[in-house]
Amino acid sequence: MRCLLIVTALSAVLIAACATNPLPPVAIKIPTRPISYLQEVKPLLEKRCTVCHSCYNSPCQLKLDSFEGGDRGATKKSIYNTTRLKTMEPTRLFTDAKTTAEWRKKEFFSVTESTVADGFNDSIMIQLLSHKMKNPKSRGEYKPEVDDLACSEDRSAVAGYLEKHPNGGMPFGFPPLKQDEFDLVAGWLYQGAKGPSVSEQDLLETPKAADVVEIEKWETFFNQEDPKHVMTARYLYEHLFLAHIKFGTPTLEYFELVRSRTPPGNPLDLIPSVRPFDDPGVSRFYYRFRKIHSTIVQKTHMVYELDDARMGRYKELFIQPQWLQQPHLVGYDPKLSANPFLAFEQIPPRSRYQFLLDSSQYVIMTFIHGPVCKGQIALNVIDDHFWAMFLDPDHDLSIRYPGFLKLHSERLTMPIEKGSDLEQFSAVKNSHKKRVIDFYTARQEYYTALNYGGLGYDSIWKGNSASDAPLLTVYRHFDSASVHKGALGNLPKTLWVIDYPLFERIYYSLVAGFDIYGTMGHQLAIRLYMDRLRIEGESYFLDFLPPEKRKEIMQSWYVDTDLEKLHFAPSALPSGISYQTKDPKREFVEHLIKNEFNGAEIKFDTANYLQAGEDYPALPLKYETFDDYLRGFRAVTKPGMPFVALVNGNNSNLAYMRVRVKEGKDVVASLVVNRWHDSVAFMLGEEKQLNSNKDSVEFIKGMIGSYPNMFFDMKQEDIPDFLNLVANFDASEKDLARFSKYGINRSDDRFWDTYDWFQKRFNEDEPVRGGLLDLNRYYYNAE
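Peer 1: Teacher, can you tell me more about the sheet that holds strand β12 (residues 654-660) here?
Peer 2: Within a sheet, each strand pairs with its neighbour through backbone hydrogen bonds, oriented either parallel or antiparallel. A sheet is described by the order of its strands in space; here five strands give the open sequence β14-β13-β12-β15-β16, paired in mixed fashion. The sheet is open, and its two edges are formed by β14 (696-701) and β16 (743-744), each paired on a single side. Pairing between β12 and strand β15 (residues 710-715): six bridges, direction parallel. Paired with R660 across the bridge in β15 is K715.

Peer 1: Would you take a moment to explain empty space enclosed by the protein for this structure?
Peer 2: Over the atoms rolls a probe the size of a water molecule, and its path tells where empty space is left. One pass over the full model with this rule turns up six cavities of 30 Å³ or more. Space inside the largest cavity adds up to approximately 450 Å³. Lining the largest cavity are 27 residues; nearest its centre among them are H53, P59, L62, L128 and M170. Secondary structure elements with two or more residues in the lining of the largest cavity: α2 (37-50) and α5 (124-134). Here the lining of the largest cavity takes four residues from α5, the largest share from any one element. Residue composition of the lining of the largest cavity, grouped by class: 23 nonpolar, three polar and one charged. With three residues, helix α3 (residues 67-72) is the largest single contributor of residues to the lining of the second largest cavity. Per-class residue counts for the lining of the second largest cavity are seven nonpolar, three polar and one charged.

Peer 1: Looking at this model, I keep getting lost on the environment of L64. Mind explaining?
Peer 2: Along the chain, L64 falls in the loop between α2 and α3. Between the C-alpha atom of L64 and that of L619, which follows or precedes it by 555 residues, the distance is 46 Å. Setting aside residues no more than four positions away along its own chain, L64 makes contact with C49, T50, H53, G70 and M125.

Peer 1: So what exactly am I meant to see when it comes to the packing of helix α10 (residues 227-240) against helix α11 (residues 308-319) here?
Peer 2: Between α10 and α11, the least distance of the axes is 11 Å, while the angle of their chain directions is 120°. The crossing of α10 and α11 is right-handed. Contacts between α10 and α11 pair K228, H229, T232, Y235, L236 and L240 from the former with Y314, F318 and I319 from the latter. Among the residues making up the contact of α10 with α11, the classes are represented as six nonpolar, two polar and one charged.

Peer 1: Would you mind going over the sheet that holds strand β9 (residues 471-476) with me for this structure?
Peer 2: With mixed pairing, four strands are arranged side by side in an open sheet as β10-β9-β8-β11. Every other strand in the sheet has two partners, leaving β10 (481-485) and β11 (494-498) as the edge strands with one partner each. Strand-to-strand, the axes of this sheet are offset by a mean angle of 25°, without reference to chain direction. Pairing between β9 and β10: five bridges, direction antiparallel. Counterpart to T473 in the pairing with β10 is H484. Contacting β8 (385-390), β9 and β11, helix α24 (residues 584-595) runs over the sheet at an angle of about 60° to β8.

Peer 1: How should the side chain of D392 be read in this particular structure?
Peer 2: Take D392: it is sitting in the loop between β8 and α17 (397-400). Although D392 is buried, it forms no salt bridge, and the closest oppositely charged side chain is K462 at an N-O distance of 5.9 Å. Within the structure, the side chain of D392 is placed 2.9 Å from the backbone nitrogen of D394, a separation counted as a polar contact. When residues no more than four places from it in sequence are discounted, the contact partners of D392 are D458, S459, I460 and W461.

Peer 1: Sorry, what's going on with the pattern of salt bridges here?
Peer 2: When the charged atoms of two side chains with opposite charge come close together, those side chains can pair. Evaluated as defined, the whole model comprises 53 salt bridges. Of the charged contacts in the structure, one is a salt bridge between R290 and E256, with a shortest N-O distance of 2.9 Å. Pair noted here: R290 is in strand β6 (residues 286-291) and E256 is in strand β5 (residues 255-260), with a separation of 34 residues, a long-range link. Under the relative-accessibility criterion, R290 is labelled buried at 18%. On the basis of relative accessibility, which here comes to 22%, the residue E256 falls in the partly exposed class. Here R750 makes a salt bridge to D748, at a shortest N to O gap of 2.8 Å. Connected through shared salt-bridge partners, K665, K760, R761, E764 and D765 make up one network.

Peer 1: Help me understand the nonpolar core in this model?
Peer 2: In summary, soluble globular proteins display a tendency toward joint burial of nonpolar side chains. Counting residues in hydrophobic clusters, the biggest one holds 130 residues, and the most contacted among them are F289, F355 and F588. No other element matches helix α21 (residues 500-512), which puts nine residues into this core. Excluding anything up to four places from it in sequence, F588 contacts M389, Y457, I460, F541, F544, L545, I577 and Y579. Counting residues in hydrophobic clusters, the runner-up holds 51 residues, among them F633, F699, F711 and F762.

Peer 1: Honestly, the side chain of H229 in this entry has me stumped. Any pointers?
Peer 2: Summarising the element assignment, H229 is placed in helix α10. On the accessibility criterion, H229 (11% relative accessible area) is buried. Among the polar contacts made by the side chain of H229, one reaches the side chain of Q224 at a distance of 3.4 Å. Sequence-distant contacts of H229, defined by excluding residues within four places in its chain, comprise F221, Q224 and I319.

Scoring rules and cut-offs
Residues numbered from 1 in each chain as written. Predicted model: local features only at pLDDT ≥ 70, side-chain atom pairs only at ≥ 80, totals over all residues. Heavy atoms only, no water. Pairing = 2+ DSSP bridges. Helix = DSSP H or I, 4+ residues; strand = E, 2+ residues; numbered from the N terminus. 1 Å grid on protein atoms, 1.4 Å probe; cavity = no way out; pocket = protein on both sides within 12 Å on 5 of 7 lines; lining within 4 Å. Points joined across faces, edges and corners; volume = space filled by probe spheres on them. Nonpolar A, V, L, I, M, F, W, Y, C, P; charged D, E, K, R; others polar. Contact = heavy atoms within 4.5 Å. Axes fitted to C-alpha atoms, helices over the stretch in contact; angles between N-to-C directions. Left-handed = near helix turned anticlockwise from the far one by under 90°. Buried < 20%, exposed > 50% of the residue type's maximum accessible area, 1.4 Å probe, protein only. Lys, Arg positive; Asp, Glu negative; His and termini not counted. Salt bridge = Lys/Arg side-chain N within 4 Å of Asp/Glu carboxyl O. Polar contact = N/O pair within 3.5 Å; in protein donor to acceptor, adjacent residues only side chain to side chain. Core = buried A, V, L, I, M, F, W, Y, C linked by side-chain atoms within 4.5 Å.

Now the structure itself:
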């Protein structure tokens, strides 16, 4: 025992000797006036810190998009933990704790508190900012979402981290703050890192007068007590819980629809359920609107407008029609609630489907922008570029014959009915794969039996107004994605046609029922389920093409993949279209867009789309007219351009380009790189499915996506050289020097001015639907 004590004591001494000494406190330029968080600090944090620290993927869960987030601090717990075997306790800001003390109990630690005064500060924030000021040059690779950031919780841990990563100060891998910016943040920290005053906080949380009127009207609608209104409100809420609600007023303020234990007119008592269909735990609850006062960030900004026209539409769809059953309340049994085809079976499927169609871009965006779509593993279930269309309600047999949904309700169940604790083995072997395949097969047989003449152009939904989005473009930017109204880009490899059962399952499995805090098994089951939904969407599109072409085209989308193992089941329907060319896919698309979508204003992308018979032009010899520039951009969109083939890293998929024109407003565009996949049927080994010789780049007007990987800045007269570089890039020192002339590296002294310009322009171009761009995935290599 004595020897053991001696060894233990010696070990303690050695450990203490090896421990990193804390960093010394930072000397502060003591401010001579009170510093305002709202007027001075918050705008600075937004453009230098919130750009990486917002939403679920904030490093160390440090959210700096509000004072409450900064005050909550950071934690070592990672939300995106792909090996989690037990469900994680939710840590949603404004939801899962109300006070700083409550967050401390959830293992969050302060980054703003200091243990010293008298002209010094030793908070974690000041230590990291100060270190960057002293070591301004970024070197090496910076990947904040995957790097070992340590999430230091005290000065000793910070010192250890910086000793290991001497170029790891903040901003991470970017230029340091300017001296006056640093002094402002340091002074604020020195003064106690105070937030808004009581009156300022009231202004932040209180809606404008015009919105108050709208809130009263809409809360009255959502909280009527008759069964028809109750079930309508429940269905709407389950689809709008992620929305940033904007009322039909001139204000640029946004709200979220929540469930509360207290009625309108009283302080809100939030029901913090993880899923919108979870049991609220009380017999009577109320739908309320809560103002969003944190910074609007683009990656989670999904705007949904509620105005008088929308109110009328809801009544037209849900309140006025006769329901399939006498309207009645439905309980929150977990299995029942997780199946919308049973929970809402009394509501006519036509009403439900038309609601989804009216909001098609928003609904697909929830899957693209929602928490499920973070990272490569979640997104390699889709191709880099595809178009989605929708089956017209009059031709959707589940709408015409609702009994079909009732008959197959068990086959329409989803893995989400198992909750968040699914084990990994259960996810791989789960019974839902067989059910979804059985439904798909039965659906194809049903359409074959009842659609004797096949599906024609009239079977595609065309939209009812110019605001509708009957055709959507989805771009995958490796580990993020974006969705857009219209036919952007050239003809994609794959297309989807979505019917009501598919649309509802995409939403419930990937959005409403997805738990970002769930186990690896839960997330794996949903990822595997989405494989089946993708195959359905592609298959339903192929049903419009000649029967003899369907398997051939599907095989071209899944090279070296056994279609039988994919359970591909093309229907035996004849084609309802008499095709005139040997390329029915292109013929179908071009006829629709030229002749059928006029009401919804769907047009071809003139910069990128090549019509039948067109070929990629050569680079112009001179750039004198608009057509010359257009031809130049078209020339470099050809698949296999050397620049795109060589710059094929997973951090090189989306860039913004500024062109300083000689007259008028500077032009801004997005460069979207489409990585060619021979197949997306595999969850792992994605790199084996890539073919860089078929990669392409497309130039899209404006800024799309949320995570730019690179900024380009050039003058109008530089365009010929830039396009020539893209077309003939060989990675030589000369070409790399030309590239650095236009591309803004993350360590470039011009970086923050460049970022500020793009953010300002984005705010100008998209005042309602725009938000703060995210820099977590900016090109990682600092040079």
